[in-house]
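Residue strings, one per chain:
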Amino acid sequence: MGEHSGGLLLRRAERWPFKLNLLAHASPAAKLDYVARTGALAVIPVRAASTGATVAACIEAGLPFVATNVDANAESWNVQARQPRLVDPDAAALAQAISAALNDPPRPLPVDRLRQCRQSWLDTRNLPTPAKRRRVDKSVGSSPLVSVVMAHRNRPRYLKQAIAAIEAQTYAHLELVLVDDGSDLDEARRLLDTLEPAFRQRGWKILRRPHEHLGAARNAGIRASQGELILFVDDDNALFAEAVDHFVRAMATSGADICTAFQLIFYEDLVPEHRADGLIQYLPLGGPDALGLIHNVYGDANAMMRRSVFSQIGFLIEKPGYAMHDWEFLARASLAGLKIRTIPKPLYWYRSKPDGMFRTSNWYDNRLPVLEAFRSSQPDHVRLLHHLAVAQNTQRSEIESARENLKYIPRNRKYLELCDIEPNSDAAIEKLASIAGSIGRPDTAATLLGRPAATHHNAPYSPDVGGSSIILDYDILRSARLLTPRVSALPLLLVAPDDGGLFLRPHVDGAVAALLDHQFPAFFRKVEAVVEIAHADAPAIEFALALARPDQTIDWQQDIGAQTIAFSGWMSIEDRFVRHPLAAALRARRKTPLSIVLAVRFTATSNGFPTNAFFRKLALFSD
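The rules we used
One numbering rule holds for all chains: residues counted from 1, following each sequence as written. Predicted model: local features are reported for residues with pLDDT of at least 70 only, side-chain atom pairs are reported and counted for 80 or more only, and whole-chain, interface and lining totals are derived from all residues. To get the side-chain values, take all heavy atoms of the structure and skip hydrogens and water. Secondary structure follows DSSP: runs of H or I at least 4 residues long count as helices, runs of E at least 2 residues long count as strands, and numbering of each begins at the N terminus. Partly exposed residues are those whose accessible area sits between 20% and 50% of the maximum for their type, while under 20% is buried and over 50% is exposed, using a 1.4 Å probe and protein chains only. Note on definitions: salt bridges are taken to be side-chain nitrogens of Lys or Arg within 4 Å of carboxyl oxygens of Asp or Glu. Among buried residues, the Ala, Val, Leu, Ile, Met, Phe, Trp, Tyr and Cys ones that are joined through side-chain atoms within 4.5 Å form a nonpolar core. A pair of strands counts as paired when DSSP detects no fewer than two bridges linking them. Seen with its strands pointing away from the viewer, a crossover is right-handed if its path from the first strand over the helix to the second goes clockwise.

Brief notes about the side chain of E3
Its place among the elements puts E3 in the segment before α1 (5-13). Residue E3 is classed as buried on the basis of its relative accessible area of 14%.

Digging into the pattern of salt bridges
Inspection of every chain in the model, using the stated rule, returns 27 salt bridges. Between R208 and E196 there is a salt bridge; the shortest N-O distance is 3.5 Å. Of this pair, R208 sits in strand β5 (residues 205-209) while E196 is found in helix α8 (residues 186-202), placing the two residues 12 residues apart along the sequence. With a closest N to O distance of 2.7 Å, R332 and E328 form a salt bridge. A residue pair is termed a helical-turn pair when its members lie 3 or 4 positions apart in one helix, as R332 and E328 do in helix α13 (residues 325-335) at four residues. For the pair formed by R332 and E328, the shared burial category is buried. Among the charged side chains, a network of salt bridges with common partners joins D193, E196, R200 and R208.

Observations concerning the nonpolar core
The biggest cluster of nonpolar side chains holds 35 residues, and the ones touching the most others in it are F543 and F615. Residue assignment for this core shows that the elements contributing at least two residues are β14 (501-504), β15 (512-520), β16 (526-533), β17 (541-548), β20 (580-585), β21 (594-602) and β22 (613-621).

Quick notes on the pairing of strand β4 (residues 174-181)
Among the eight residues of β4, eight are classified as buried, and the element is accordingly described as predominantly covered. Of the strand pairs in this sheet, strand β3 (residues 146-152) and β4 are connected by seven bridges, and their pairing is parallel. Its bridge partner lying in β4, H152 is registered against D180. The parallel pair β3 and β4, bridged by helix α7 (residues 156-167), forms a crossover whose chirality is right-handed. Bridge analysis of β4 against β5 gives five bridges, and the strand direction is parallel. Its bridge partner lying in β5, D181 is registered against R209. This β-α-β element, β4 to α8 to β5, shows right-handed connectivity.

Listed below in structure tokens is the structure:
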């Protein structure tokens, strides 16, 4: 999914308490030898296996292993080898099998390789024929009661915000059905206990269920609800106060079976106070189906629909880990002839986080049910065309979602840099070793570089939690350019070598400003400078910092704060050679890089002496 596999392991290993060795250039024979020498358990966690060669090699060598039950692995596995049984390609099942094998180590017997692999593999490809799609005439309900169905699991902080948004609705005739999908965090359970009395008083419901994933939780909420209009709301989103009212009026006016809406995306832990801080990034059209095969043109799961929809096309699929219920369900509805309409305005806050279901799931697995919805309405011979269309039209950022997620967390920049290097090159191995050393794993680094491991293995493990700040060095500072050219016998902009900082010379005609284009990274929060007057005879000088869009043109005769995204204000300094902090901070993080603006001006008038305003250090901070 776009991320270097070694970097993925190291990133996750930052919280592991045990040793990690990466045998980067080892041959298959060397890997088997390593397992035999160390008495290790081999794990073969593949999602596809065209030959089953690794399983077969472990069986021949009599080495214990845990492997997934996919394709040719099943052909190679032999009961006479006394190996653990193959497991489903599921993380939980694999973890359970590994734990069982470590607690009760298998004693395998070496056996010959399996025969007739080809026929066994063909047998695994006999997929069941899907049932015919049902077409049912739609019916329109008239009840004004709206049932808000909200699924929740282990996100109490977000849940409080989501419920607060429901309580603030201008539409009064609604009920909230909160379905807890097996939360096991004490904080989440305590919150549910706290909510129970108020829910009972309002006639709202809390359903506590075992963990069966999102589709099953939403379906349970539908069945427990009373309203003829159902509105799904995710527990990490927040409706605008007028949202339910707009949905209800749109349903009545359009006669639609389902109404979706636009959204404002944000990246914070708290819902922003100002809608200007949100981003409209997704514009669903409600169709047509010709585009619905390739992209979700219908809308998000936070949609309103009539109860009759479920009797016509069925409920949401209940596949564990599935993340595109909205696309698959809305595609089924549209293909069945139901009327989908989109409200062309944002009606809710949509929280985008790197650990969200959509960003952590597999793009291809998510599309298979969508493909099935379309395939069931067309002849079988076009099935491969569907797969080709999806592969050719899926956005690169979605296919490479793991790599894309690295951009959202500043401390992962080193892993992002690794992704740009040829994966198996010496440069990649050296970068991987450098990362391993930086996160407190010198043994891993030594193994990668083919050097003897350190002897002090018992040193306490302390994971690196840095990466939250960046000091702009000389190579970046020398890219600065003047925004305010003035006629001057002396240079108005100078960059000191050896990371010495940046000088701006105030001018009698007005402010002097310099720009560091695109140097404020995405998802960072603040730029901070250490400034001082660097001349003994200089008059008072005002310093300022700002963050602006790269394409922003600034009129220095007008209000700077109104033209930029973040502005420090003008800070007047009179004392010479005394350092002062100066900062400009964003109210809400941005997904795209910004430009840094540095400016100086005389507080009153020039006294005629040469003057230097010194930005000694520039630092950028994330959270």
